[in-house]
Structures are given as structure tokens and as C-alpha cells.
Amino acid sequence: MLYAILCYNFEDVVGAWSPAEDAAVMARLGAVEAGLAAAERMGAAARLLPTTAAVTLRKGRELMVIDGPFAETKEQLLGFYVVDCADLEAAIAVARDLAVANPDRGAYEIRPLAVYRPGSLAGAPSQVRGRQAHVRGAGA
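Everything numeric here is computed off the predicted structure, so don't read it as measured data.

On a plain count of helices and strands, the chain comes out with three helices and eight strands. N-terminal to C-terminal, the α/β element order of the chain is β-α-α-β-β-β-β-α-β-β-β. Expressed as a percentage of its 140 residues, the buried residues of the chain come to 28%. Accessible area of the chain: about 9000 Å², with a carbon and sulfur share of 59%.

Take the environment of Val32 next. Here Val32 lies in helix H2 (residues 19-38). When the C-alpha positions of Val32 and Leu98 are compared, they lie 6.7 Å apart, and in sequence the two are 66 residues distant. Other than its neighbours up to four places away in sequence, Val32 contacts Asp97, Leu98 and Ala101.

Before going further, it helps to spend a moment on H2. Residues three or four positions apart in an α-helix share a direction because the helix packs 3.6 residues into each turn. For H2, spanning 20 residues, the distance from its first C-alpha to its last is 28 Å, which sits close to the expected 28 Å at 1.5 Å a residue. At its buried positions, H2 is contacted by strand E2 (42-47), strand E5 (76-84), helix H3 (88-101) and strand E6 (107-112). Positioned one or two residues after H2, Glu40 has a phi angle of 55°, which is positive.

Conventions adopted
- Residues numbered from 1 in each chain as written.
- Predicted model: local features only at pLDDT ≥ 70, side-chain atom pairs only at ≥ 80, totals over all residues.
- Heavy atoms only, no water.
- Helix = DSSP H or I, 4+ residues; strand = E, 2+ residues; numbered from the N terminus.
- Buried < 20%, exposed > 50% of the residue type's maximum accessible area, 1.4 Å probe, protein only.
- Areas by Shrake-Rupley, 256 points an atom, 1.4 Å probe, with all protein chains shown as cover.
- Contact = heavy atoms within 4.5 Å.
- Expected span 1.5 Å × (residues − 1).

Okay, structure coming up:
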């Protein structure tokens, strides 16, 4: 099953890292990613640009685009991983590895993914089971 591991932290803290601190964290995270890739369990991963570059499409009577993410959280979503794991416990283990590699404050939210691909999987949303998902080569 595919799981999204969403990376939350305080954007101002991460943004204040020196280039050397950032490179060290990225190298440790890279080691976790390499292990997942070797096991063919690594999907897409992305580091998001700062929230100052974000806009939000707010729904209501009319659609309105406003500056910023405006999520109801003190920490910001900084990036994500998509990993192929046998079950939730295996996904939690991956998140623990990521947390050890990046020992700063923050949180990792773990969610099973439902995948929708028009023309495949009967053309309807479905949970992806086992290794049916095509995650190889999807890493960022």
C-alpha cells in the first residue's frame, strides 16, 4: 500500500539553517531515501518552497485565491514522501527513520493514499494494494 508521509516543521527554524546544516540534514535524509529506493519502495518526494510563495484557493460562494497557505496549524507543511509499505506499522517505521535523520522539532503525518488514474484501476478511485502501484522512477 502507498503511504504519504507529510513533513511538518517550523518554517522559520528550517529556513534559518546554515547551508552546512541544511546539507547535513539532506544527506541523512538521502541515506533513508536510498534504502527505500533500493527496496523499490520509494515514490515521489518533494521539498516545498516557503509558504510565502504559496497561494490558497478558498472555496465558498465564490472561488477566491488568497496569498499564503493559511492552514490551521502552527507548523507548516514543508514536504512529503510517497512510500510503498506493507502496512501502517511499516510506514510508521519509515517515518521514524526520517525523524532520526532530521532530529529537529516537527512532525510526520502518515496517511494511506487512494490513487485515481483515469483509464487504469477500472478508472475509479481505489486504494492501492501491495506492489500494484508504479512507484519506481517517480522520486523527485
